[in-house]
Each structure stands twice: as structure tokens, then as C-alpha cells.
Amino acid sequence: MTTVAKAPGEEITAEQIAAEAPTSHQKLIDFVAQTAALTQPDEVYWVDGSDEEYTRLTDELVEAGTLTRLTSPDFPNSFAAFSDPADVARVESRTFICSEKERDAGFTNNWVEPSEMRSTLNGVFDGAMRGRTMYVIPFVMGHLEADDPKFGVEITDSAYVVASMRIMARIGTDVLRKIEELAESAPEKAFFVPAVHSVGAPLEPGQEDVPWPCNDEKYIVHFPETREIWSYGSGYGGNALLGKKCYALRIASVMARDEGWLAEHMLILKLTSPQGKSYHISAAFPSACGKTNLALIDPTLEGWKAETLGDDITWIRPGKDGEFRVVNPESGYFGVAPGTGWHTNANAMRAIAKGNSIFTNCALTDDGGVWWEGMTEEPPAHLTDWRGNDWTPDADRPAAHPNARFCTPIDQTDMLADEYFEPNGVKLDAILFGGRRKTTVPLVTEARDWNHGIFFGATLSSETTAAAEGAVGTVRRDPMAMLPFIGYDAGDYLKHWVEVSSKADPEKLPKIFLVNWFRRNRNGGFAWPGFAENTRVLKWIVERIEGEGQAVETPIGFTPTPEALDLTGLDVSAEDIEDSLKVDRQEWAAELADIEEWFARFGESLPASIQAELHQLRQRVNP
Ligand code: GDP
Ligand code: PGA
Ligand code: MN
């Protein structure tokens, strides 16, 4: 689209920006001009989202050494990127919710007084884009044709971010035109979230750039009241692609609270039974706990069909007929690569094989492709690892970073459901909450009712993964898999879940289930084969939706009897099934103590009805 370049020794002025802007939308022009004045880029470039632009930007990124063009025919039109080794994951300790009142950020978020944070940001962003191009990316989360489209404009000094945003969201001229149109016809709908991103690495004249510029100092900041995002110092997806976690979860959760809907960390799966009846199921699992895999499941039971609508983020809105409707606000996958393979997730592999992808921190093969642990059963004999070193299978380190990612357009998925294209979403039938627990939590448990289901979500726990900085493998509570993404007070968030049910017909409320694919058996291995075999759990869930399926009432909810799970053709021992389904009173006594400590942290804001669920559980575990 249009570019404004700075004259030597001068700065780009607001007048120049206004004169060259491809829009007359004053708010947007002002936002761009103010950001340029602060960050002092060499150029301002308005992203149009076209194919030519993508080609040009990726060519430039190859030239700069940020991207490596893959030459293997297995990865057409695809690129590999390698981050700075210190910029490989989301940085939760540097993520802030700067609400006006500290109380409104709640105990799960880092809070800094907004004016103090603004002055810090003014400091770090001052001249942050010197020597670089400032890209302006108009984007929409969800469909442009939605009743209430949610717009954003990301300003970034990273072309890698522009290329990735083009895969992950609908961006460019069409979005800009829609914002302008609504600014005329329905101004309240033309609002856009201003989102500013800088890698925090200005270039002095003549200074050579590095392939992955970033800064040791990082800030991922959200101002919930003014719906603003400021991200500094990182180029990694979750920190830099601001439409994703920052907008579609943290800021959107606040919008959702105010407007009566839910923004959740969930996949959406459409499942069709052999009888031809379809169900839409959303599932919330913490990062790197199986969302993308379940979203792309290949059913192992005869006659069952799975199609996907989304793998990471779900917006749940009350519909006109008392149902909840779900929509995926994204247009791409930003999936964990390791563990994604032809034998575990062939649907993801088929989407990836169509190309048009950006891989980050994967290993390079000698024939110009990428590889990661779990892609194939045997690793290639030689690789270049994600840090650029020679790698052979006897190396004692992984070839790809454990949080290596593929970024791939969702419409390349063969099993994409037609409903993905529904601007206002589809009816939701069931919600799954799940985490990674070696013990205690059975394979699947059905909640007695909506409130009990919220209790499942409120007490959801998981062993930590490589998706965020910090130790891997320690159990932490992760309410609704939203711990790092709730944009306001966690107790208020649970209260909103309780209250939002009043927007639906009680008969049409989704059923809620707790699942755990990761429980260990008596020998320390996985008790349940997982992956595609999770079809068998989904079948039981569908049976329960239909009021069928055998279940026993345990202290924690309804679990299937071993006979109730369809294990046809599955090679799994009776002991393993027992280990995966059991509800152990001793384990639950320890769990109760942990949940009590967890709930104590909410203080006054824990809803009474959720506290009451804990009381009931205590009585059921220790009658
Ligand atoms: P997401 O970040 O929540 O989308 O998680 P992914 O679907 O990308 O999976 C993260 C990791 O969990 C990968 O290494 C997967 O191989 C692994 N995983 C996913 N589903 C299962 C399962 O059912 N069983 C086991 N054991 N591992 C799984
Ligand atoms: P995910 O999150 O692990 O839930 O896919 C992506 C991220 O780390 O930003
Ligand atoms: Mn994922």
C-alpha cells in the first residue's frame, strides 16, 4: 500500500502521515501519527494484506536472514525462522494488566498503576523504531461480516509479525474499508483496539541488523478500560501477534464481561455420529496440552466424522434462540510443532504440507525442509538444529525447540467444517476442561450441572509446559485454561461465567466435562493412548448429551464405567483402563487441600456458588 519515508535528518510528521494515509479515518490517522512521533521510524507502511505484499515482505525477510526459504517440495512457499535463544515463549512475568484499580486486575495478573506504566512505556518506546519500518496492520478478529466485528490495528516494526499476522487474522484493505464504512453507518461498531508492538531494537545509522532483533527488557501490557495493547522487546508469537492472546483473550475477555459473552482459550470441534447428528464441542486446555491435536482429530471409531472450526480461541455469544454460539476469531494455526506427526496428527500435517507456512525454531533438514521431534518416528540422520548447529540422532538435546511452532492458514485444513465460515458462529453443545495431570484426575468426568462445570473450570490444573517461560512439569491451577489470559479479576471472571448462563435457555446450556489425557498408569506410562483414540471419550460424551451412556456417580461427578467406553479394536489393558478412570479418595483428599488453598487466594471475589461446590465436594470425598 502506501509508504511514507523520512528525509535524512528529519522526522516523519503528522502532516505527511495524514497526506499519505490510505484512509480518511481520523482516529486511525491520529493513532499512527502519535505512534510514529513516539517511536521515530524511518518509514511508515500501511499493510494491504495482498499476495504481492506477502511475497515482497518474505523476500525481504529472506534477504535480512530472518527467514530461510524452504526448498524441499514437501514445504511449498514456506519459511523457517529462528528466534533469539532468549525469545522462545510467552513471558508471563512480564505481562501486565494495568487496570485503573489494582483490585480489577486480580491476583492472577501483574499490575502496575496505569499512569506509571504509561510513563515507563513512553520511555522504552521513545525512538524504539529508529532505523526501522513501522507497519500498520488493520485486522479483524472473527468475520468481517459478523454482527459485531471486533477490529484492531497493530503497529509493529517487525515484518515477521506482519507475515505471521496475515496467516493468523484477516488483515489489510478490506478491513480498513469495513472500519470506514461502519464509522459512517454505525460508529460504535467501528471501534478498533490500538495495539503497538516493537521488538525494541532501534538501529543507528549504518548499524547492521541481526536476524531476530529483540530486547532483554520485555513488556506485554494491556490497558483493559481503554482496550489498548503495548508489547515491547519480543518477537515471539504469543507476545507479538497481538490479535491472538493479547486481544482475542485478554482484551476480549474484558469486552465479553462488559457485553455479556465469553472469550475463551478453547478449540471448536464438530463431531458427527454414525446416526448423522452433529455436535459442536469446545475444549479449554492450557497451552501445549492438546487443543490443536483434539481440534484435528481423526476418529478411530467406524462411522464417526470430525471436522474442525478452530484450535485455540473461541468466542461464545448468546444466540437468538437461547443457545450459545461459538466462533473462532482466528484464521490460522500457531501450533506446537514437536509431537505433531503423521501418526499423531495427520490432519495438521496435511494442512502444513499445502505450504504457505512459517515455522519458528524447528530444525532444518539437509534437503531444505523442516523437522521436529515426533514428526516422523525416526529422526533424519543429520539436521541443523534450531540454534544453527549440526545435529545427529545421538545428540543429547532436541533438534527443535520444545515450543517450536508452525504458523499455517486454517483454510488449508481438509477437515475444516463449513460452519467455520459462519460469521455469527454455531450452537455449542458441550464444553470440555482439561489439563495435564499425572495423577488424581480421571480420563473423563461429567459435571452434574452448569455450576458444577464452572467448578471444574475454576479448579482446572495442569503441569506447566514449554509454552511459557519457567519450570516445566509443576502442577499449577489454571482456571478455564485462562490463567495467563484473564484480562480482569479472576473471581469476577468466575462470577461472569455463573451469570452468563442466564443468557441461555437452561435446556440449551452446553454440558460440561473434565478430561485428562495425561494420567499415568501404575508403571509410569500414559494410562490412556490419547490422540485419535480420544474419539472413544468423545463418543461417551455424545451419549451423555443424548441422555445415554453408562456412568457411575463418584464424589467428583459422573465417570464412565469401563464397559461404557467403546474400546473396539483398541489394544489397551484392563489395568490401564482402570488406572485412567479411577477416582481415588486419598488423592482427592490431597487435591481438596490444594483447592482450598487456591480458593483462599481469590478472597472476597470468589462467587458463593463456586465456594458451595467446594463444600459439596468435601462432603462427597469425606462423607
Ligand atoms: P495446544 O498448545 O493446547 O494446542 O497443544 P497441542 O495439541 O499442540 O499438543 C501439545 C503437546 O501435547 C504435543 O506434544 C502433543 O503431542 C501432546 N498431546 C496432545 N494430545 C495428546 C494426547 O491425547 N495424549 C498425549 N499423551 N499427548 C498429547
Ligand atoms: P498455545 O499458545 O500453546 O495455547 O497454542 C500459543 C502461545 O504460546 O502464544
Ligand atoms: Mn495449539
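As the structure is a prediction and not an experimental result, all values here were calculated from the model.

**Q** Looking at this model, I keep getting lost on the environment of Val-91. Mind explaining?
**A** If you trace the backbone, Val-91 turns up in the loop between strand 4 (79–81) and strand 5 (95–97). Residues Val-91 and Glu-469, 378 residues apart in the sequence, show an inter-C-alpha distance of 5.8 Å. Residues in contact with Val-91, not counting those within four places in the same chain, are Lys-218, Ile-220, Asn-239 and Glu-469.

**Q** Before we go on, may I ask you to explain the packing of helix 3 (residues 51–64) against helix 5 (residues 159–168) in this structure?
**A** Each packed pair of helices is defined by two parameters, the angle between the axes and the distance between the axes. The geometry of helix 3 relative to helix 5 is characterised by a closest axis approach of 9 Å and an angle of 140 degrees between their N-to-C directions. Relative to helix 5, the element helix 3 is oriented oblique. Considering how the two elements wind past one another, helix 3 and helix 5 form a crossing that is left-handed. Packed against helix 3, whose contacting residues are Asp-51, Tyr-54, Leu-57, Thr-58 and Leu-61, the element helix 5 presents Ala-159, Tyr-160, Val-162, Ala-163, Arg-166 and Ile-167 at the interface. Counted by class, the contact of helix 3 with helix 5 contains eight nonpolar, one polar and two charged residues.

**Q** Help me understand the pattern of salt bridges, please; the structure alone is not making it clear to me.
**A** A side chain of one charge can pair with a side chain of the opposite charge if their charged atoms are brought near each other. A full pass over the atoms with the stated rule returns 42 salt bridges. Close ionic contact of Arg-257 with Asp-258 constitutes a salt bridge, the shortest N to O distance being 2.9 Å. We classify Arg-257 as partly exposed; its relative accessible area is 31%. The network of salt bridges with common partners includes Lys-244, Lys-245, Lys-291, Asp-312 and Glu-330.

**Q** What exactly am I supposed to notice about the site of ligand 1 here?
**A** Around ligand 1 sit 18 residues in total, of which Ala-288, Lys-291, Thr-292, Asn-293 and Phe-531 are the nearest. Note that an oxygen atom of ligand 1 is positioned 3.1 Å from one of the side-chain N or O atoms of Asn-534. About the coverage of ligand 1: the protein hides 90% of its 580 Å² of free accessible area. For the shell around ligand 1, the leading source of residues is helix 9 (residues 291–295), giving three residues.

**Q** Is there a simple way to think about the environment of Pro-211 in this case?
**A** Summarising the element assignment, Pro-211 is placed in the loop between strand 9 (192–198) and strand 10 (219–223). The class of Pro-211 is partly exposed, set by a relative accessible area of 43%. A C-alpha to C-alpha distance of 6.4 Å links Pro-211 and Ala-64, two positions 147 residues apart in sequence. Pro-211 has contacts with Ala-64, Gly-65 and Thr-66, leaving out every residue within four places of it along the chain.

**Q** So what exactly am I meant to see when it comes to the packing of aromatic side chains here?
**A** Within this structure, the stated rule accounts for 26 aromatic pairs. Ring centres of Tyr-488 and Tyr-493 lie 6.1 Å apart, and the angle between their planes is 75 degrees; this geometry places the pair in the edge-to-face category. This pair shows no difference in class: Tyr-488 is buried, exactly as Tyr-493 is. Among the aromatic side chains, those forming a connected cluster through ring pairs are Phe-107, Phe-455, Trp-598, Phe-599 and Phe-602. Against the face of Trp-261 rests Arg-317, its NZ or CZ located 4.4 Å from the ring centre.

**Q** Hey, could you run me through the site of ligand 2 in this one?
**A** Around ligand 2, the neighbouring residues are Arg-90, Tyr-236, Gly-238, Lys-245, His-265, Ser-287, Ala-288, Lys-291, Asp-312, Phe-334, Arg-405 and Ala-467. Residue Ser-287 places a side-chain N or O atom 2.8 Å away from an oxygen atom belonging to ligand 2. Here an oxygen atom of ligand 2 sits 3.2 Å away from a polar atom, N or O, in the side chain of Asp-312. Expressed as a share of its isolated accessible area of 280 Å², the protein-covered part of ligand 2 is 97%. Grouping the amino acids of the shell around ligand 2 by side-chain chemistry returns four nonpolar, three polar and five charged.

**Q** Just to check I follow, could you spell out the state of the cysteines for this structure?
**A** Disulfide: a covalent bond connecting the sulfur atoms of a pair of cysteines. Taken as a whole and judged by the stated rule, the model has zero disulfides. Free cysteine: Cys-98, not disulfide-bonded; nearest cysteine sulfur from Cys-246 at 12 Å. The buried category is assigned to Cys-98, whose relative accessible area is 1%.

**Q** Sorry if this is basic, but what is going on with the nonpolar core here?
**A** If you look at the biggest cluster of nonpolar residues, it comprises 162 residues, and the most contacted ones within it are Trp-372, Leu-432, Phe-433, Trp-497 and Phe-599. The element contributing the most residues to this core is helix 8 (residues 243–259), with nine residues. Leave out the neighbours within four places in its chain, and Leu-432 touches Ile-281, Ser-282, Ala-283, Ala-284, Phe-285, Leu-294, Phe-513, Val-515, Leu-538 and Ile-541. Counting 42 residues, the second largest nonpolar core, distinct from the first, contains Val-4, Ile-17, Val-32 and Ala-190.

**Q** Just to check I follow, could you spell out the pairing of strand 30 (residues 511–515) for this structure?
**A** Sheet faces and side chains relate simply in a regular strand, where the side chains alternate between the two faces. The buried fraction of strand 30 is high, at four of five residues. Looking at chain direction, strand 26 (residues 430–434) and strand 30 are connected through five bridges and run parallel. Across the sheet, the residue bridging to Gly-434 is Val-515, located in strand 30.

**Q** Could you clarify how one ought to interpret the sheet that holds strand 19 (residues 358–360) in this entry?
**A** Taken together, the five strands give an open sheet; going across it, the order is 3-4-19-24-18, and neighbouring strands pair in mixed fashion. Since the sheet does not close on itself, it has two edges, and those belong to strand 3 (67–69) and strand 18 (332–336), each with one partner. When the angles between neighbouring strand axes are averaged without regard to direction, this sheet yields 20 degrees. Two elements, strand 19 and strand 24 (residues 405–409), share three bridges in a ladder whose sense is antiparallel.

**Q** What should I look at first to understand helix 14 (residues 574–581) in this one?
**A** Among all positions of helix 14, only Asp-576, Ile-577, Asp-579, Ser-580 and Leu-581 are buried. For helix 14, the elements touching its buried residues are strand 32 (557–560).

**Q** How should I be thinking about the UniProt feature "binding site: substrate" (unreviewed entry) in the chain in this particular structure?
**A** When the UniProt feature table is mapped to this numbering, "binding site: substrate" (unreviewed entry) covers Arg-90, Tyr-236, Gly-237, Gly-238, Ser-287, Asn-403, Ala-404 and Arg-405. With respect to the helices and strands, Gly-238 occurs in helix 7 (residues 237–240). Assessed through its relative accessible area of 4%, Gly-238 is described here as buried. Setting aside anything within four residues of it in sequence, one finds Gly-238 in contact with Arg-90, Lys-245, Cys-246 and Phe-334. Of note, Ser-287 is situated in the loop between strand 14 (278–284) and helix 9. Among the residues examined, Ser-287 registers a relative accessible area of 12% and is labelled buried. Discounting residues that sit within four places of it in the chain, Ser-287 has contacts with Arg-90, Lys-245, His-265, Thr-465, Ala-467 and Phe-485. Reaching out from Ser-287, the side chain makes a polar contact with the side chain of Arg-90 at a distance of 2.9 Å.

Cut-offs applied
Residues numbered from 1 in each chain as written. Chains lettered and ligands numbered in written order. Predicted model: local features only at pLDDT ≥ 70, side-chain atom pairs only at ≥ 80, totals over all residues. Heavy atoms only, no water. Helix = DSSP H or I, 4+ residues; strand = E, 2+ residues; numbered from the N terminus. Contact = heavy atoms within 4.5 Å. Axes fitted to C-alpha atoms, helices over the stretch in contact; angles between N-to-C directions. Parallel < 35°, antiparallel > 145°, perpendicular 65-115°, else oblique. Left-handed = near helix turned anticlockwise from the far one by under 90°. Nonpolar A, V, L, I, M, F, W, Y, C, P; charged D, E, K, R; others polar. Salt bridge = Lys/Arg side-chain N within 4 Å of Asp/Glu carboxyl O. Buried < 20%, exposed > 50% of the residue type's maximum accessible area, 1.4 Å probe, protein only. Near = heavy atom within 4 Å. Polar contact = N/O pair within 3.5 Å; in protein donor to acceptor, adjacent residues only side chain to side chain. Areas by Shrake-Rupley, 256 points an atom, 1.4 Å probe, with all protein chains shown as cover. Phe/Tyr/Trp six-rings, centres within 6.5 Å; stacked < 30°, edge-to-face > 60°. Lys NZ or Arg CZ within 6 Å of the ring centre and 35° of its normal. Disulfide = S-S within 2.5 Å. Core = buried A, V, L, I, M, F, W, Y, C linked by side-chain atoms within 4.5 Å. Pairing = 2+ DSSP bridges. UniProt positions renumbered as here; feature names shortened; annotations may be inferred.

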